[in-house]
Amino acid sequence: MKSKVALFVIFLTLISWPFNLFLANTKTDFIRYLIPLVILGIGYFLWTKKKDYFLLPILAIPFFEPKLALFPILFIGIDFFYKKNLKKYLIFFAISIIVLALVWRPFKGQTIFTLDYQARQQVLRNITLYPNPISARMFQNKAKIYYDKFISNLFALTDPNNYFFGFHPREITVTNQNLDKYPFLEVVFALIGIFVLGKSRNKEFIITSFVSLIISLSVLNSFDRNDFILWLPISLLLVEGIKYFFGLRNKNVVYIFSTVFILFCLIQFLSNYINFMT
């Protein structure tokens, strides 16, 4: 009975983000955002089988979604610290640079490094607020435009509200659908997952993919919906938390919380379905 409840909780966890994304978009767009995730999933499967060529699917992701062109470079660079196989990683790193070069034009046009006339005009206006040219140039310059945009995206992508509360109460307007990616009670499993991550066999993949994806998504003008690829590392983390939670000896706590969790999930799914269908 306990294992069946755990499996149902895991099912509700895994289906939540795809369900809401599917409802909020056309089938064509949903498939477009799904493809990079599926390719990353293939890479993860090969990684679990300890195949040396598990990086090949990851290298293919930019061809399907140029916005994620930096992801393979960052993934390979971070993963190198775990494997220390210089010869193999130099080859894959060189290939990732070539891939970036091949998709550079569509990639650059979607990044924070595109010309922003309004932001530059704002910098020029702010310069007049400083007492001298040196301090003005130090705190108001073109580099600050890109830095501010990157930091804004980075904090948004690492904000728990993004994943468990649909960015409420400070919803992002215009450029973000503010989806309820996971039921808000998943916060408990997320905290447990972080706590037990050090003992997880998926630790290397979760950390490497999450960090490299967060950085690569942060350089985009709009990361909304393309961040669906984060479903894999975040869901792996949540599953670790769920497994540990259902391994607790206090059965009363487990069953009471899981009952409340399932009830709230079903209500939230029904509410989202009604909202998107009306």
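Look above for the structure.
Per chain, residue numbering runs from 1 following the sequence as it is written. A pLDDT threshold of at least 70 governs which residues receive local features in this predicted model, and a stricter bar of 80 or more applies before side-chain atom pairs are shown or counted, although totals over entire chains, interfaces and linings include all residues. Computation of side-chain values: all heavy atoms of the structure, hydrogens and water removed.

Colleague: Before we go on, may I ask you to explain the overall build of the protein chain in this structure?
Modeller: Secondary structure elements follow DSSP: runs of H or I of four or more residues count as helices, runs of E of two or more count as strands, with numbering from the N terminus. A tally of regular secondary structure across the protein chain gives 14 helices and zero strands. The buried label goes to any residue with under 20% of its type's maximum accessible area, the exposed label to any with over 50%, and the partly exposed label to all in between, with areas taken from a 1.4 Å probe on protein chains only. Out of the 278 residues belonging to the protein chain, those deemed buried represent 45%. All accessible areas in this document rest on Shrake-Rupley with a 1.4 Å probe, and a residue is counted as covered only by the protein chains that are shown. Counting every atom, the protein chain has about 15,200 Å² of accessible surface; 68% of that belongs to carbon and sulfur.

Colleague: When you look at the packing of aromatic side chains in this model, what are you seeing that I'm missing?
Modeller: Geometry of an aromatic ring pair is reported as the spacing of the ring centres plus the angle between the planes. The aromatic pairing rule takes the rings of Phe, Tyr and Trp, using the six-membered ring of Trp, and pairs them if the centres are within 6.5 Å, calling planes under 30 degrees apart stacked, those over 60 edge-to-face and the rest tilted. According to the stated counting rule, one finds 24 aromatic pairs in the structure shown. The interplanar angle of 85° and the centroid separation of 5.6 Å between the aromatic rings of phenylalanine 245 and phenylalanine 246 together place this pair among those described as edge-to-face. Here phenylalanine 246 falls in the buried class, since its relative accessible area comes to 8%. Through a chain of ring-to-ring contacts, the aromatic side chains of Trp17, Phe22, Phe30, Tyr163, Phe164, Tyr182 and Phe228 assemble into a single cluster.

Colleague: How should empty space enclosed by the protein be read in this particular structure?
Modeller: A probe as big as a water molecule, rolled over the atoms, marks out the empty space that is left. A 1.4 Å probe that fits into a set of points on a 1 Å grid over the protein atoms alone but cannot get out defines a cavity; an open set with protein on both sides within 12 Å along at least five of seven lines defines a pocket, and lining residues are those with an atom within 4 Å of a point. Grid points are joined across faces, edges and corners, and a volume is the space filled by probe spheres set on the points. Across all of its chains, the model carries one cavity of 30 Å³ or more by this definition. Within this model, the largest cavity holds a volume of roughly 30 Å³. Forming the boundary of the largest cavity are Tyr33, Pro36, Glu65, Leu68, Arg225, Asn226 and Ile229. In terms of residue class, the lining of the largest cavity is built from four nonpolar, one polar and two charged. Each residue is assigned to one of three groups, with Ala, Val, Leu, Ile, Met, Phe, Trp, Tyr, Cys and Pro labelled nonpolar, Asp, Glu, Lys and Arg labelled charged, and all others, Gly among them, labelled polar.

Colleague: What's the story with the nonpolar core in this structure? I'm lost.
Modeller: In a soluble, globular protein the nonpolar side chains are often hidden away together inside. In terms of nonpolar packing, the biggest core is built from 65 residues, with Trp17, Leu40, Tyr163, Leu230 and Phe261 touching the most fellow members. The biggest single contributor to this core is helix α13 (residues 231-245), with nine residues. The contacts of leucine 40, once residues within four sequence positions are left out, are Ile58, Ile61, Phe71, Phe205, Leu213, Ile229 and Leu232. By size, the runner-up hydrophobic cluster in this structure holds six residues, among which are Ala69, Ile73, Phe107 and Val219. The set of buried Ala, Val, Leu, Ile, Met, Phe, Trp, Tyr and Cys residues whose side-chain atoms join them within 4.5 Å is what this entry labels a nonpolar core. The contact criterion used throughout is that any non-hydrogen atoms of two residues lie within 4.5 Å.

Colleague: What is the right way to look at the pattern of salt bridges in this model?
Modeller: Should the charged atoms of two oppositely charged side chains come close, the side chains can pair. Any carboxyl oxygen of Asp or Glu that lies within 4 Å of a side-chain nitrogen of Lys or Arg is treated as forming a salt bridge with it. What the rule picks out here adds up to two salt bridges. For glutamate 65, the salt bridge is made with arginine 32, and the minimal N-O distance between the two is 3.5 Å. Of this pair, glutamate 65 sits in the loop between α3 (55-64) and α4 (70-83) while arginine 32 sits in helix α2 (residues 27-48), placing them 33 residues apart in sequence. On the basis of relative accessible area, glutamate 65 is assigned to the buried category, the value being 4%.

Colleague: Please clarify how α4 should be interpreted in this entry.
Modeller: The periodicity of an α-helix, 3.6 residues per turn, causes residues three or four places apart in sequence to face the same way. Multiply 1.5 Å by the residue count of a helix minus one, and that product is the helix's expected span. Between the first and last C-alpha of α4 there are 20 Å, a value that for 14 residues agrees with the 20 Å anticipated at 1.5 Å per step. Where α4 is concerned, the buried positions are Phe71, Pro72, Ile73, Phe75, Ile76 and Asp79. Contact partners of the buried residues in α4: α2, α3, α5 (86-102) and α12 (203-218).

Colleague: What am I meant to see in the environment of phenylalanine 257 here?
Modeller: Positionally, phenylalanine 257 belongs in helix α14 (residues 251-277). Separated by 72 residues in the primary sequence, phenylalanine 257 and leucine 185 place their C-alpha atoms 9.3 Å from one another. Setting aside anything within four residues of it in sequence, one finds phenylalanine 257 in contact with Leu185, Val188, Phe189 and Phe245.

Colleague: Honestly, unusual backbone geometry in this entry has me stumped. Any pointers?
Modeller: Backbone geometry follows two general trends: most residues other than glycine have a negative phi, and most peptide bonds adopt the trans configuration. In this structure, lysine 50 is a non-glycine residue whose phi angle is positive, near 60°. Inspection of the secondary structure assignment puts lysine 50 in the loop between α2 and α3. Not every positive phi belongs to a glycine, and arginine 225 is a case in point at roughly 75°. Among the structural elements, arginine 225 can be located in the loop between α12 and α13.

Colleague: Looking at this model, I keep getting lost on the packing of α2 against α13. Mind explaining?
Modeller: Each pair of packed helices can be described by the angle between their axes along with the distance between the axes. Each axis is a line fitted through C-alpha atoms, and for a helix only the stretch in contact is used; angles between axes span 0 to 180 degrees, taken between their N-to-C directions. Contact geometry for α2 and α13: axes closest at 10 Å, N-to-C directions at 55°. Put simply, α2 runs oblique to α13. Seen from α2, the contacting residues are Leu37, Leu40, Gly41 and Tyr44; seen from α13, they are Trp231, Leu232 and Leu236. For the contact of α2 with α13, the residue count by class is six nonpolar, one polar and no charged. Any angle between 65 and 115 degrees counts as roughly perpendicular, while under 35 counts as roughly parallel, over 145 as roughly antiparallel, and the rest as oblique.

Colleague: Please explain the environment of leucine 7 as it appears in this structure.
Modeller: Along the chain, the position of leucine 7 falls in helix α1 (residues 2-24). Looking at leucine 7, the relative accessible area reads 58%, which means it is exposed. Spatially, the C-alpha atoms of leucine 7 and valine 239 are 9.7 Å apart, while their sequence positions differ by 232 residues.

Colleague: Would you mind showing me how to read the packing of α4 against α12 here?
Modeller: Direction vectors running N to C along α4 and α12 enclose 145°, while the axes themselves pass 8 Å from each other. The two elements α4 and α12 meet at a crossing, and its hand is right-handed. From α4, Leu70, Phe71, Leu74, Phe75, Ile78, Asp79, Tyr82 and Lys83 reach across to α12, where they touch Glu204, Phe205, Ile207, Thr208, Ser209, Val211, Ser212, Leu213, Ile215 and Ser216. Residue composition of the contact of α4 with α12, grouped by class: eleven nonpolar, four polar and three charged. Should the near helix be turned anticlockwise from the far one by less than a right angle, the crossing is termed left-handed; should it be turned clockwise, right-handed.

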